[in-house]
Amino acid sequence: MHDFRFVGNQLFCEGVSLASLAKKFGTPLYVYSQHTLTDHYQKLAAALAPVDHLVCYAMKSNSNLSVLRVLADLGSGFDIVSAGELQRVLAAGGDPAKCVFAGVGKTAAEIEFALRAGVYCFNVESEPELQRINRVAAKLKKIAPIAVRVNPNIEAHTHAKITTGTYENKFGIAFEDIAGVYARAAKLKNLRLRGVQMHIGSQITETTPFELAVKKVLPLVEKLKAKHGLEFFSVGGGLGIVYHSMLASGVPAWWQSAAAKNILTPASYAARLLPWLQPLGLKILMEPGRFISGNAGALVTRVEYVKRTGKKNFVIVDAAMNDLIRPAFYDAYHEIVPLIRNGKATLKSDVVGPICESGDYFCKDRPLPKVGEGDTLALLSAGAYGAVMGSNYNARPLPPEILVNGKKFAVARERQAVEKIWSDEKVVAWLK
Ligand SMILES: *Cc1c(COP(=O)(O)O)cnc(C)c1O
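Going along each chain's sequence as written, the residues are numbered from 1 onward. Side-chain atom pairs in this predicted model are given and counted only at pLDDT of 80 or more, local residue features only at pLDDT of at least 70, and totals for whole chains, interfaces and linings cover all residues. In computing side-chain values, all of the structure's heavy atoms are included and hydrogens and water are not.

Draft legend 1. Fine view of the overall build of the chain. Helix and strand definitions here come from DSSP, where helices need a minimum of 4 consecutive H or I residues and strands a minimum of 2 consecutive E residues; each element is numbered from the N-terminal end. The helix and strand tally for the chain stands at twelve helices and 21 strands. In terms of overall dimensions, the chain is globule-like: its C-alpha atoms have a radius of gyration of 23 Å, near the 22 Å expected for 432 residues. Dimensions of the chain along its principal axes, counting C-alpha atoms only, are 70 × 65 × 40 Å. When accessible area is computed with a 1.4 Å probe and restricted to protein chains, residues below 20% of their type maximum are described as buried, those above 50% as exposed, and intermediate ones as partly exposed. Buried residues in the chain amount to 56% of all 432 residues. In what follows, residue pairs with any heavy atoms lying within 4.5 Å of each other are defined as contacts. Nonlocal contacts in the chain, meaning residues at least 24 apart in sequence, comprise 71% of its contacts between residues at least 6 apart. Accessible area for the chain stands at about 18500 Å²; split by element, carbon and sulfur atoms hold 54% of it. With C-alpha atoms as the basis for the radius of gyration, the globule rule is written as 2.2 Å multiplied by the number of residues raised to the power 0.38. Per-residue and other accessible areas follow the Shrake-Rupley method at a 1.4 Å probe size, with only the shown protein chains counted as cover for residues.

Okay, structure coming up:
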């Protein structure tokens, strides 16, 4: 469920009309629903309630400090992938002892910072990384908690750029090699073997790949637990969300039909996985990113021009691929709706940004209600991998981010001042 819906002809986020926010803060503009974030977190936590568990929100999907605080206040942990993300958790008031540190390229400095902060676990992706963590821990006279990321070699049937659980990609250690890696890691004096981790990819919309992966690694996890006294098993993130027909006929129709279409929900996920996980007797970790933040955000934009060529109707808007790169990067679909429904007939349109790249588009040949200059549109489901992937390409300032809670709203990030874009640059001395 999410909290973007039409009330009469106006699109609302919870109790606030998006048109009023566009008027007050200008466009482009990100808007997040606190209730949606909360609801998604709580649904996952409730689904895992039968087992000892920790939800570690994958903050790379949306790391705005207010978003992190909402989740920290609910008791969430965090899946981090850099020292910078750990600093964000600390800045937002999150608990480092509930953080798992993932990623294939952790530097010695990042490992040291995370060890001093006291993270719950390092999710390790190679043997050289194990050696490095052991060395850094020895230097600090600390014991580093680690889990090795198992690559179960399961095809997740998602986009190639977000598949991670097969031997075609750089993540984790091959299933067949894991027992040997743990045996060697056990000999490293400054490591504590705390768990096992896996993550098979992102935007997975069926329960079957998750179940296949868990079934495949379960016997291995049992053996490792017996041998090394592990405490947890992390099943990773990757739970997919619905991007299509979010607002069909004014209600989130997908929600009503979810059961019929066997779409992944926290309940269906838990129903398929818990029978395998519960008998393990381990703490279960989960690292959802998109599932929590994806449908909690929208990108609001204004139509600058409508341009008709011989073949096409181009709607040129003031948001661009630097604000939301998913369509260009992953061929991603975002539903696009006017903030104020005008009842006009639809017209096949390309919605494009002003950047000088052919990849700068949000949709192609999509039937959209006819719009004109000054009309405002929302790109839905833009809460995950949206603002966090923003850039200053074309010297475009990053858009503001607004958090809505019921009828309240507040700036969670100011619109970037244009001078800040080059504030770290200089004209070098010999040019002066
Ligand atoms: C990206 C990532 C996640 C989160 O993925 P979502 O699809 O956003 O849930 C979780 N764990 C790891 C290791 C990741 O790299």
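From this point, the narrative continues.
Draft legend 2. Summary view of the site of the ligand. Here a residue is near a molecule or strand as soon as one of its heavy atoms is found within 4 Å of it. Not every one of the 13 residues close to the ligand is listed here, only the nearest: K60, S202, E287, R290 and Y385. G238 is positioned such that a nitrogen or oxygen atom in its backbone is 2.8 Å from an oxygen atom of the ligand. Under the rule applied, a polar contact is a pair of N or O atoms within 3.5 Å (in protein, one hydrogen donor and one hydrogen acceptor; residues adjacent in sequence only if both atoms are side-chain atoms). Contacts to the ligand include R290, whose backbone N or O atom sits 2.8 Å from an oxygen atom. Relative to its unbound accessible area of 390 Å², the ligand is 93% covered by the protein chains.

Draft legend 3. Expanded view of the layout of surface pockets. Think of a 1 Å grid over the protein atoms and nothing else: a 1.4 Å probe that fits but is trapped marks a cavity, an open set flanked by protein within 12 Å on at least five of seven lines marks a pocket, and residues with an atom within 4 Å of a point count as lining. Grid points are joined across faces, edges and corners, and a volume is the space filled by probe spheres set on the points. Roughly 670 Å³ of internal volume is contained in the largest pocket. K60, T164, F171, H199 and Y385 are, among the 36 residues lining the largest pocket, the residues nearest its centre. Secondary-structure elements contributing two or more residues to the lining of the largest pocket are α11 (290-293) and α12 (326-330). Basically, the charged four are Asp, Glu, Lys and Arg, the nonpolar ten are Ala, Val, Leu, Ile, Met, Phe, Trp, Tyr, Cys and Pro, and anything else, Gly included, counts as polar. Here the residues of the lining of the largest pocket are counted per class, giving 14 nonpolar, twelve polar and ten charged.

Draft legend 4. Structural detail: the pattern of salt bridges. When a carboxyl oxygen of Asp or Glu lies within 4 Å of a side-chain nitrogen of Lys or Arg, that pair is called a salt bridge. Applying the stated criterion across every chain, the model contains 13 salt bridges. Put simply, R184 and E127 hold a salt bridge, and the shortest N to O gap is 2.8 Å. Taken together, the residues R184 in helix α7 (residues 178-185) and E127 in helix α6 (residues 127-139) connect sequence positions 57 residues apart. The exposure class assigned to E127 is partly exposed, which follows from its relative accessible area of 27%. Between R192 and E231 there is a salt bridge, and its shortest N-O distance comes to 2.8 Å. Within this pair, whereas R192 is found in strand β11 (residues 191-197), its partner E231 is found in the loop between α8 (208-228) and β12 (232-234), the two being separated by 39 residues in sequence. Here R192 falls in the partly exposed class, since its relative accessible area comes to 36%. One network of salt bridges, in which partners are shared, links E112, R116 and K139.

Draft legend 5. Fine view of the packing of helix α4 (residues 83-91) against helix α5 (residues 108-117). Between α4 and α5, whose axes approach to 9 Å, the crossing angle comes to 25 degrees. Regarding the angle of α4 to α5, the classification is roughly parallel. Here A83, L86, Q87 and L90 of α4 lie close against α5, whose contacting residues are E110, F113, A114 and A117. In the contact of α4 with α5, the residues fall into six nonpolar, one polar and one charged. Geometry is summarised by axes, namely lines fitted to C-alpha atoms with helices restricted to the contacting stretch, and by angles between N-to-C directions that run from 0 to 180 degrees. Roughly parallel means an angle under 35 degrees; roughly antiparallel means over 145; roughly perpendicular covers 65 to 115; every other angle is labelled oblique.

Draft legend 6. The side chain of H199, seen in detail. Along the chain, the position of H199 falls in the loop between β11 and α8. Looking at H199, its side chain comes within polar contact range of the main-chain oxygen of G201, at 3.4 Å.

Draft legend 7. Geometry of unusual backbone geometry. The omega torsion across T27 and P28 is -5 degrees, close enough to zero to call that bond cis. By the secondary structure assignment, P28 is in the loop between α1 (18-25) and β4 (29-33). Notably, Q203 is not glycine yet its phi reads approximately 55 degrees, a positive angle. One can find Q203 in the loop between β11 and α8.

Draft legend 8. Focus on the packing of aromatic side chains. Stacked, tilted and edge-to-face are the three classes applied to pairs of Phe, Tyr and Trp rings, where Trp contributes its six-membered ring and a pair requires centres within 6.5 Å; stacked means planes under 30 degrees apart, edge-to-face means over 60, and tilted covers the rest. Summed over all chains, the structure comprises seven aromatic pairs. A ring pair is formed by F25 and F409, whose centres lie 6.0 Å apart and whose planes are at 85 degrees; its orientation type is edge-to-face. Within this pair, whereas F25 is found in helix α1, its partner F409 is found in strand β21 (residues 408-413), the two being separated by 384 residues in sequence. Residue classification places F409 among the partly exposed positions, given a relative accessible area of 33%. With centroids separated by 5.2 Å and ring planes inclined at 80 degrees, the aromatic side chains of F210 and Y269 adopt a geometry described as edge-to-face. With a gap of 59 residues between them, F210 in helix α8 and Y269 in helix α10 (residues 266-277) connect regions that are remote in the sequence. Residue classification places F210 among the buried positions, given a relative accessible area of 3%.

Draft legend 9. Geometry of the sheet that holds strand β1 (residues 4-7). Read from one edge of the open sheet, three strands run β1-β2-β3, paired in antiparallel fashion. The outermost strands of the open sheet, each flanked by one partner alone, are β1 and β3 (16-17). The criterion for strand pairing is that DSSP finds at least two bridges linking the strands in question. Across two bridges, strand β2 (residues 10-13) lies against β3 in antiparallel orientation. Note that in β3 the partner of C13 across the bridge is V16.

Everything listed here is a matter of coordinates, which is why it stays silent on function.
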